[in-house]
Each structure stands twice: as C-alpha cells, then as structure tokens.
Amino acid sequence: MKPAIPVFLYHAVMDEPPDWIAEFTVSPRQFAAHLGAVVDSGRTPVTISALADHLTGRAPLPPRPVLLTFDDGFADLPGPTADALAERALPATAYLTTGAIAPGGRSLLPPAPMMPLSRVAELERSGVEIGSHTVTHAQLDTLTARRLRTELVDSKAVLEDILGHPVPHLAYPHGYNSPRVRAMAARAGYRTATAVRHALSSDRDERYRIARLIVRRGHTVADVETWLAGDGVRIAPYRDGPRTIAWRWYRHGRAALRGPEFAG
C-alpha cells in the first residue's frame, strides 16, 4: 500500500464569488470547518518544499502529512485566508498567476478580485510558501515550445524578483500537463510541479505531477475527513486513462485552430 498524502487544492475563499469560479469556491465558514478537520485529524501540515525534499531523498516526511495549496491568487488570500491559516499555525503553498496580479499584466483568467503583486512578500511572511502558476493560466500542454517556456520562466522570474530568492515550485493551470511540459518545467528550474487528478498523493508520487484534491463548493466536511483518513479516491501515482488522453488530444486540436485557451 502507498501511504496516502492528502494535498488539498483551494481557489477563492469568499461568500460571493464571480460565477465562473463559484464551483471552486468555498465560503469562509466552510473553510474554517475544513481547517478544523485538518487540525483534528492529527496529521502534520507541511509545505510542498517538505514533500519535494522527501521525493528527492533529501529529508523524510513527518508521519501522516497533509498539504494545503491555493491556486491563482484571489484577493482573500493575503488577508482573511492567510489569517485563518496563521490562527491555526497551518503552513500552506500558494501558486500565483503573475499576469493576473501584476500591474498592467494580462492573463486568460476571467475578471475576479485578485490580490496585488505588491502583497506577495507579505503573504510569504505570514507563513504561506509561494509558487508559480504561470503568467496567463493557459493550457500548457497545447502551447508551442517558445510560448510554454515563456509561461514557465517569466512567471518564475517575476516572483523571484519580488521575493529575492528562488521559486522552485509550479502548479499546472487546471492540472493540464504532458511529458513535454513536465520536462520543460524541470529545465526551467522547478523542483516540483503539482497537477490536479483529484486523487491522494503518496510518498512515491511523481515529482512533476503531484496529485491534488480539488475542493469544490459542494464538498462537505465529511468529504474532507474521508480524504484526511486516506480514503474515498485513488492514490497516485497511476497512469492516465483513455478519457484523459482523448481529452488532451481534443484540446490540442482546438488550440491549433483557436490559439491558446484558458485552462479552466
């Protein structure tokens, strides 16, 4: 048996999200209940860096780890969401879409209240590790090599310039990746990359497509408790199924006709 490691993926934490992200949003009250379940589970919260150290053989993980991650960089993150984590001494990792949070930046994300780039260092000081979520939030596995490199390298550089240290972790927008994307992520200097997969990770997971559990507004505290117990979904690593592969090729064809598209 592969020891299950829950890696939770959150987006916005707010009461009135824009329609396009509502399905992937939880209310502050729901979020507090989820964090309570994490604390009560007896698991040890760690960051992606700790998991990376284990997967690369640098350091062991604590018994029964759990990870909390956040994608995109919504406005609640450096304020009430970071405060809720700090109140419970819970570390986390946030993957930021730099084109959506930088002044004058452009991204494929639809309109939404986003945090400003100027608060990234503050967010890190509050105990949230910072990772890259590309520049525009495009479907990475459909891009040309040049465009893919730009998405990976430029977002990393922007965050490193703000923070003054390397940013070695990446999250693929909507989890879309491929062997080519994973190889490019490694060449760009990332130590890990997270996907989605809606599965439990493990201490033998793939370093460049770490499985995460995407939290939707319809998920209950009971769902969170089930995942914390290491049950309810598959445990990575495992091979992509035929439907995943077919969907990837369909998106490739569509992108060839329409150009880069929003991953969501």
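Residues numbered from 1 in each chain as written. Predicted model: local features only at pLDDT ≥ 70, side-chain atom pairs only at ≥ 80, totals over all residues. Heavy atoms only, no water.

> Is there a simple way to think about helix α4 (residues 77-87) in this case?
Within the sequence span of α4, burial applies to L77, P78, G79, T81, A82, A84 and L85. Buried residues in α4 make contact with α2 (28-40), β4 (65-72), β5 (92-96), α6 (120-125) and β6 (128-132). Remark: A89 follows α4 within two positions and exhibits a positive phi of approximately 55°. (Buried < 20%, exposed > 50% of the residue type's maximum accessible area, 1.4 Å probe, protein only. Helix = DSSP H or I, 4+ residues; strand = E, 2+ residues; numbered from the N terminus. Contact = heavy atoms within 4.5 Å.)

> Help me understand the side chain of T194, please; the structure alone is not making it clear to me.
Among the structural elements, T194 can be located in strand β8 (residues 192-197). Residue classification places T194 among the buried residues on the basis of a relative accessible area of 0%. For T194, the residues in contact, after removing those within four places along its chain, are I48, Y95, L170, A171, Y172, I210 and R212.

> Would you take a moment to explain the environment of E16 for this structure?
You can see E16 is positioned in the loop between β2 (7-10) and α1 (19-22). Classification of E16 as exposed rests on a relative accessible area of 75%. It is 9.6 Å that separates the C-alpha atoms of E16 and V26, two residues lying ten residues apart in sequence.

> Looking at this model, I keep getting lost on the pairing of β6. Mind explaining?
Each regular strand carries side chains that alternate between the two faces of the sheet. Across the five residues that make up β6, a large majority, five, are buried. Taking every second residue as pointing to the same face, both faces of β6 are buried, with V128, I130 and S132 on one and E129 and G131 on the other. The sheet contact formed by β5 and β6 spans five bridges and is parallel. Among the inter-strand pairings, A94 is bridged to a residue of β6, identified as I130. (Pairing = 2+ DSSP bridges.)

> For this particular structure, what's the right way to read the nonpolar core?
Proteins that are soluble and globular tend to have nonpolar side chains buried together. Core analysis: the biggest nonpolar cluster contains 47 residues, and F8, F31, L68, F70, L85, L96 and V120 have the highest contact counts within it. Setting aside residues no more than four positions away along its own chain, F70 makes contact with Y10, H11, F31, L77, T81, L85, A92, T93, A94 and Y95. One finds L170, V181, M184 and Y208 within the second-largest nonpolar core, a separate group that totals 15 residues. (Core = buried A, V, L, I, M, F, W, Y, C linked by side-chain atoms within 4.5 Å.)

> Which parts of the structure should I look at to understand the environment of H34?
Structurally, H34 can be placed in helix α2. Taking relative accessible area as the criterion, H34 reaches 2% and is therefore assigned buried. As for H34 and T220, which are separated by 186 residues in sequence, their C-alpha atoms are 8.3 Å apart. Excluding its chain neighbours within four sequence positions, the residues that come into contact with H34 are Y10, V26, V215, H219, T220, V221 and V224.

> Honestly, the pattern of salt bridges in this entry has me stumped. Any pointers?
Pairs may arise between side chains of opposite charge once their charged atoms sit close together. This structure, assessed with the given rule, holds 13 salt bridges. Put simply, R217 and E23 hold a salt bridge, and the shortest N to O gap is 3.5 Å. Taken together, the positions of R217 in the loop between β10 (210-214) and α9 (221-228) and E23 in the loop between α1 and α2 put the pair 194 residues apart, joining distant regions of the chain. The partner of E206 in a salt bridge is R209, and the shortest N-O contact between them spans 2.9 Å. Look at E206 and you get partly exposed, because its relative accessible area is 27%. In this structure, a network of salt bridges that share partners links the residues R197, E206, R209 and D240. (Salt bridge = Lys/Arg side-chain N within 4 Å of Asp/Glu carboxyl O.)

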